[in-house]
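Structural overview
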Amino acid sequence: WQGFLIAFILGLVLKLLKQISSTIRYYLALSSLFMIIGLSVFNFVAHYERTENPETIINNESIKTTKDNSLSITSNNTNQSYKESIKLFFSNIDHYFPVLINIWLFGILVFLIKLSIGLLFIQRLKVNTSPFIDNLWIKRFKSIEKVLSLDKKINYLESTLVKIPMVLGYFKPVILIPAGMLAGLPVNQVEAIIAHELAHIKRHDYLINILQSIIETIFFF
């Protein structure tokens, strides 16, 4: 529910403040994403109970059940039966955890398969590319790198498998360019598109996207 609340507030803020810069919108969304992780860690630490003896668990559960039953019986004799029955349900929700966790693990498995297929496709894109880009274009792209103060070694490859330019990799980034784009667009448009992709590299978006995919796999629900 906390993740849902964060997403709802973020969506509301982004809708009401449409005029704010894309940079601020980006960092608001990124902060919200990591806030969900932070709250999960906080919740775990806050509610984790260390038990030393398995018998203690059984005794505690018996006492808890007895108390809950007593509460239930008492509530039936009062006007708060509905309220107490809800409390009883949530106090016994632990009994459903094995089923819930199995469903959660199955969901993680499905999303892990999806993520793995995506990474395999990325690897395929890297293999099925052509490095033969005219040196004139490479010089233009390198000049844009200098303007953006990028010190990474960036490779530029053409591919028939992509329809739009994209960045692959983090430590050794590659910019894939659709085959024919360099010949079919004016120079200034090509430079603007490449500058956009280089901005993704400068902002570490590829790494952020991988982290987001992992977070979405764990919190798919």
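As the structure is a computational prediction, the values presented were derived from the model and not from experiment.

Cut-offs and rules
Residues numbered from 1 in each chain as written. Predicted model: local features only at pLDDT ≥ 70, side-chain atom pairs only at ≥ 80, totals over all residues. Heavy atoms only, no water. Helix = DSSP H or I, 4+ residues; strand = E, 2+ residues; numbered from the N terminus. Buried < 20%, exposed > 50% of the residue type's maximum accessible area, 1.4 Å probe, protein only. Contact = heavy atoms within 4.5 Å. Areas by Shrake-Rupley, 256 points an atom, 1.4 Å probe, with all protein chains shown as cover. Pairing = 2+ DSSP bridges. Axes fitted to C-alpha atoms, helices over the stretch in contact; angles between N-to-C directions. pLDDT = per-residue confidence, 0-100. Core = buried A, V, L, I, M, F, W, Y, C linked by side-chain atoms within 4.5 Å. Phe/Tyr/Trp six-rings, centres within 6.5 Å; stacked < 30°, edge-to-face > 60°. Lys NZ or Arg CZ within 6 Å of the ring centre and 35° of its normal. Parallel < 35°, antiparallel > 145°, perpendicular 65-115°, else oblique. Left-handed = near helix turned anticlockwise from the far one by under 90°. Nonpolar A, V, L, I, M, F, W, Y, C, P; charged D, E, K, R; others polar. Polar contact = N/O pair within 3.5 Å; in protein donor to acceptor, adjacent residues only side chain to side chain.

**Looking at the overall build of the protein chain**
- A count of helical and extended segments in the protein chain gives nine helices and three strands.
- Buried positions account for 24% of the 221 residues belonging to the protein chain.
- Considering only contacts within the protein chain whose residues lie at least 6 apart along the sequence, 59% involve residues at least 24 apart.
- With the model as given, the accessible surface of the protein chain reaches about 16,100 Å², and the carbon-plus-sulfur share is 66%.

**Some points on the sheet that holds strand 2 (residues 166-168)**
- The three strands are arranged 1-3-2 in an open sheet whose pairing can be described as mixed. Each of the sheet's edge strands pairs with one partner strand only, and the pair in question is strand 1 (155-159) and strand 2. Direction aside, the axes of adjacent strands within the sheet are offset by 30 degrees on average.
- When strand 1 meets strand 3 (residues 174-178), the two strands line up parallel, connected through five bridges. Opposite Glu-158, over in strand 3, you have Ile-177 as the bridge partner.

**Brief notes about the confidence of the model for the protein chain**
- Counting all residues, the mean pLDDT for the protein chain is 83, and 85% of those residues have values of 70 or more.
- By mean pLDDT, the top-scoring element of the protein chain is helix 8 (residues 187-202) (93), and the lowest-scoring one is helix 3 (residues 54-76) (51).

**Some thoughts on the nonpolar core**
- Phe-141, Tyr-156, Ile-175, Ile-177, Leu-182, Ile-194 and Leu-198 are the most contacted members of the largest nonpolar core, which totals 16 residues.
- Mapped by element, the contributors of at least two residues to this core are helix 6 (135-147), strand 3, helix 7 (181-184) and helix 8.
- When residues of this core are assigned to their parent elements, the largest contribution, four residues, is made by helix 8.
- In terms of nonpolar packing, the next biggest core, distinct from the first, is built from eight residues, Ile-122, Leu-168, Val-174 and Leu-176 among them.

**Observations concerning the packing of aromatic side chains**
- Inspection of every chain in the model, using the stated rule, returns eight aromatic pairs.
- An angle of 75 degrees between the planes, with centres 5.2 Å apart, marks the rings of Tyr-26 and Tyr-27 as edge-to-face.
- We classify Tyr-27 as partly exposed; its relative accessible area is 45%.
- Grouped by ring-pair contacts, the aromatic residues Phe-111, Phe-219, Phe-220 and Phe-221 constitute a single cluster.
- The ring of Trp-137 is capped by Arg-140, whose NZ or CZ atom sits 5.9 Å from the centre of that ring.
- Looking at Arg-203, its charged tip hangs above the ring of Tyr-26, at a distance of 3.8 Å from the centre.

**Description of the packing of helix 6 against helix 8**
- The geometry of helix 6 relative to helix 8 is characterised by a closest axis approach of 10 Å and an angle of 50 degrees between their N-to-C directions. The orientation of helix 6 with respect to helix 8, classified from their angle, is oblique. Two packed elements cross with a definite hand, and for helix 6 against helix 8 that hand is right-handed. Contacts between helix 6 and helix 8 involve Trp-137, Arg-140, Phe-141, Ile-144 and Glu-145 from the first element and Val-187, Val-190, Glu-191, Ile-194, Ala-195 and Leu-198 from the second.
- Taken together, the residues of the contact of helix 6 with helix 8 sort by class into eight nonpolar, no polar and three charged.

**Here we look at the side chain of Asp-205**
- Here Asp-205 lies in helix 9 (residues 205-218).
- Taking the relative accessible area as the measure of exposure, Asp-205 reaches 6% and is therefore buried.
- Only 2.7 Å separates the side chain of Asp-205 from the side chain of His-200, close enough to count as a polar contact.
- Setting aside its immediate chain neighbours within four residues, Asp-205 contacts Tyr-26 and His-200.

**Looking at the packing of helix 1 (residues 2-16) against helix 2 (residues 22-47)**
- Between helix 1 and helix 2, whose axes approach to 10 Å, the crossing angle comes to 165 degrees. Taken together, the axes of helix 1 and helix 2 are roughly antiparallel relative to one another. Considering how the two elements wind past one another, helix 1 and helix 2 form a crossing that is right-handed. Where helix 1 abuts helix 2, its residues Gln-2, Gly-3, Ile-6, Leu-10, Val-13 and Leu-14 lie against Arg-25, Leu-28, Ala-29, Ser-32, Met-35, Ile-36, Leu-39 and Asn-43.
- The class makeup of the residues in the contact of helix 1 with helix 2 is nine nonpolar, four polar and one charged.

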